[in-house]
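Single-letter residue listing:
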Amino acid sequence: MKMIMMMKTNNALYFIGIKGSGMASLAQICAKLGYEVSGSDTLDHVFTEEGLKALNIPLYKFDENNIKDHMTVVAGNAFFDDHLEVKKALENDTITFYRYHEFLGKIMEDFRTITVSGSHGKTTTTTLLKDMLEKSVPTGFLIGDGHGELTQDDTYFAVEACEFKRHFLAYHPDVAILTNFEMDHVDYFKNEEDYLSSYQEFIANVKEHIIIWGDDPNYDFFKIDIPFWTYGLSDKNDIQAKNIIEHPNSTEFDLYFKGENLKHFDLPIVGEHMVLNTLAVIGVGLYEKVSLEYIEEGLHNFKGAARRYVIQEVKDTVLIDDYAHNPTEIKLTLEVTRRRYPDKKLVAVYKPDRPSRIVYFIEELKDALSVADEVVFLPFPTLDSFESTVGIDVNYLKDRVENSIVIEDTLEGAQTLASLAPGAFVFMSTKNVYDIQEVLKELL
């Protein structure tokens with residue numbers, strides 16, 4: 001029976017920070033595995049709470065009185081030991097306490113787990129992976145967009161595994177996809193070598209097989225002592241896409257494996273980055289001996305991940321919501337939009353999330369945002385502003401990026417956006433930039 005840790009913990013689980021994207025996913029999974037789940041968070045609306053409410057999971061505002069004797073508590077990684085509920089739980093010897101990644105690592109042990117890690121593309125690739133696998137085999141998943149499903153009958157568990165503060169070292173997957181390696185989380189990692197070393201440590205945790213982007217500039221940094229395949233567009237890779245043909249809403253390519261042309265694919269994906277994500281997932285299918293037909297049919301089920309290039313059209317204006325938050329992702333998202341809507345004014349609406357990241361990548365951000373015709377900034381979220389010792393506000397960006405303005409997340413701010421219409425508006429952030437997007441939609 002796959003009721004993880006039931007003999008070791010109380011059946012009731014309490015999640016501190018339950019609306020966090022990973023936490024919401026994990027909470028939904030635990031509820032479906034038979035746990036009695038509840039949790040706390042801000043009272044502000046967050047898109048992840050819809051899945052929690054659908055399962056009738058009780059949600060409370062933060063209050064130290066929520067913490068009771070003999071609880072099993074799972075705390076989100078964004079909530080430190082001085083948080084009022086975390087502090088109360090840690091002070092109580094009757095409470096069993098886990099961090100998010102620690103509890104998830106325990107759950108993984110009872111399933112054939114395949115993880116997706118990397119600086120970019122984790123959520124989308126994990127979504128592709130679960131779509132591909134579940135065509136032929138019962139598959140659970142945990143994705144960083146706030147979605148998660150897992151039952152005792154599932155064989156596979158597809159998991160997004162983030163390198164943040166080395167949390168993914170709590171995981172020991174059977175198979176791992178490694179998408180790419182570009183310096184991130186600069187408030188934690190000392191330098192690029194420290195960042196890459198976390199992946200090297202994670203590689204040592206993988207039990208059977210690794211599928212890694214072989215064209216990454218940092219590929220040669222890694223020593224891999226277990227079987228692995230590379231994927232990419234160059235001839236040196238084991239898994240390769242050739243003869244790529246791009247359409248407005250789909251892409252065709254020929255799949256080559258170790259030099260042999262296996263199949264022609266025509267898939268509902270757009271952009272070279274999506275071809276690469278798909279190649280990684282196809283690699284898992286080949287390793288797991290999924291038929292090429294089922295691989296293709298499963299990938300055709302891909303409808304996108306939440307907050308990953310979600311498009312709405314309002315009259316002659318396009319509204320796009322995306323999780324892009326660092327220069328590479330921002331530039332890619334804007335370039336894809338420019339190709340899809342070449343005749344529309346391109347407006348980038350960016351809500352930065354961490355001051356330390358902004359200062360570290362300011363030159364790259366200036367270059368990425370230059371793709372847009374106009375740039376609109378929203379202020380830092382309060383929590384992230386205080387996480388860093390870097391003393392800047394959003395005007396640091398406005399003063400350095402041409403054709404940019406700052407607005408507040410208010411009706412007046414949305415009216416300013418509406419004055420820039422018609423156009424293609426790309427809303428980008430890890431945070432709730434989608435709220436002002438909805439107000440703009442109503443105004444238009």
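Each remark here, short or long, concerns the structure printed above.
Scoring rules and cut-offs
- Residues numbered from 1 in each chain as written.
- Predicted model: local features only at pLDDT ≥ 70, side-chain atom pairs only at ≥ 80, totals over all residues.
- Heavy atoms only, no water.
- Helix = DSSP H or I, 4+ residues; strand = E, 2+ residues; numbered from the N terminus.
- Buried < 20%, exposed > 50% of the residue type's maximum accessible area, 1.4 Å probe, protein only.
- Pairing = 2+ DSSP bridges.
- Axes fitted to C-alpha atoms, helices over the stretch in contact; angles between N-to-C directions.
- Contact = heavy atoms within 4.5 Å.
- Salt bridge = Lys/Arg side-chain N within 4 Å of Asp/Glu carboxyl O.
- Polar contact = N/O pair within 3.5 Å; in protein donor to acceptor, adjacent residues only side chain to side chain.
- Left-handed = near helix turned anticlockwise from the far one by under 90°.
- Nonpolar A, V, L, I, M, F, W, Y, C, P; charged D, E, K, R; others polar.
- Parallel < 35°, antiparallel > 145°, perpendicular 65-115°, else oblique.
- Phe/Tyr/Trp six-rings, centres within 6.5 Å; stacked < 30°, edge-to-face > 60°.
- Lys NZ or Arg CZ within 6 Å of the ring centre and 35° of its normal.

Now for the environment of Asp321. Positionally, Asp321 belongs in strand β17 (residues 317–322). Its relative accessible area of 8% is what places Asp321 among the buried residues. For the pair Asp321 and Ile212, spaced 109 residues apart in sequence, the C-alpha separation works out to 28 Å.

Turning our eyes to something else, we now look at the pairing of strand β12 (residues 228–232). Of all five residues that make up β12, four are buried, and the element is covered over most of its length. Where strand β11 (residues 209–213) and β12 come together, four bridges link them in parallel fashion. Following the sheet pairing, Ile212 is matched in β12 by Thr230. Bridge analysis of β12 against strand β13 (residues 239–246) gives two bridges, and the strand direction is parallel. The partner of Tyr231 across the bridge, within β13, is Ile239.

Once that is clear, we can look at the sheet that holds strand β3 (residues 59–61). Think of a sheet as strands paired side by side through backbone hydrogen bonds, with each pair either parallel or antiparallel. Overall, parallel pairing links the five strands, which are arranged β3-β2-β1-β4-β5 in an open sheet. Sheet topology places β3 and β5 (96–99) at the edges, where each strand pairs with a single neighbour. Across the sheet, the mean angle from the axis of one strand to that of its neighbour is 25°, orientation sign disregarded. Direction of pairing for strand β1 (residues 12–16) relative to strand β2 (residues 36–41): parallel, over a ladder of five bridges. Across the sheet, the residue bridging to Tyr14 is Ser38, located in β2. Across the face of the sheet, helix α1 (residues 21–32) comes into contact with β1, β2 and β4 (72–75) while running at roughly 170° to β1. In this fold helix α4 (residues 100–108) packs onto β1, β4 and β5, with an angle of close to 95° to the strand it touches most, β5.

With that out of the way, let us pick up the pattern of salt bridges. With the rule as written, the count across this model stands at 24 salt bridges. Across the pair Glu49 and Lys19 runs a salt bridge whose closest N-O atoms are separated by 3.0 Å. With Glu49 in helix α2 (residues 49–54) and Lys19 in the loop between β1 and α1, the pair connects residues that are 30 residues apart, well separated along the chain. Note that Arg99 is salt-bridged to Asp81, the shortest N-O span being 3.0 Å. Pair noted here: Arg99 is in strand β5 and Asp81 is in the loop between β4 and α3 (84–90), with a separation of 18 residues, a long-range link. The class for Arg99 is buried, based on a relative accessible area of 14%. When salt bridges that share partners are traced, they join Arg112, Asp174, Glu208 and Glu288 into one network.

The residue Thr251 is located in strand β14 (residues 251–257) in this model. Residue class for Thr251 comes out buried when judged on its relative accessible area of 1%. From its side chain, Thr251 meets the backbone oxygen of Ile269 in a polar contact 2.8 Å long. Filtering out sequence-adjacent residues up to four positions away, Thr251 remains in contact with Ile244, Ile245, Glu246, Phe265, Asp266, Leu267, Ile269, Val270, Gly271 and Val275.

Let us look at the packing of α1 against α4. With their axes 11 Å apart at the nearest point, α1 and α4 run at an angle of 40° to one another. Judged by the sense of rotation from one axis to the other, the crossing of α1 with α4 is left-handed. Each of Gly22, Met23, Leu26 and Cys30 in α1 lies in contact with α4, whose residues at this interface are Tyr100, Phe103, Leu104 and Ile107. Among the residues making up the contact of α1 with α4, the classes are represented as seven nonpolar, one polar and no charged.

Taken N-terminus to C-terminus, the directions of helix α5 (residues 122–133) and helix α8 (residues 292–300) make an angle of 130°; their axes are 7 Å apart at the nearest point. For the element pair α5 / α8, the angle class is oblique. Classified by chirality, the crossing of α8 by α5 is right-handed. Residue-level contacts link Leu128, Asp131 and Met132 of α5 to Tyr294, Ile295, Gly298 and Leu299 of α8. Broken down by class, the residue content of the contact of α5 with α8 amounts to five nonpolar, one polar and one charged.

Applying the stated criterion across every chain yields a total of 18 aromatic pairs. With a centroid separation of 5.4 Å and 90° between ring planes, the pair formed by Phe168 and Tyr199 is classed as edge-to-face. With Phe168 in the loop between β9 (156–160) and β10 (175–178) and Tyr199 in helix α6 (residues 192–203), this pair connects stretches of sequence that are 31 residues apart. Pair check on accessibility: Phe168 and Tyr199 agree, each one buried. For the pair Trp229 and Tyr287, a centre-to-centre distance of 6.0 Å together with 80° between the ring planes defines the contact as edge-to-face. Taken as a pair, Trp229 in strand β12 and Tyr287 in helix α7 (residues 272–287) lie far apart in primary sequence, 58 residues in all. The class for Tyr287 is partly exposed, based on a relative accessible area of 23%. A connected cluster of aromatic rings, assembled from ring pairs, spans Phe168, Phe181, Tyr188, Phe189, Tyr195, Tyr199, Phe202, Phe221 and Phe222. Between the NZ or CZ atom of Lys242 and the centre of the ring of Tyr256, over which it lies, the distance is 4.5 Å. Geometry around Tyr396 places Arg400 over its ring, the cationic atom sitting 3.7 Å from the centre.

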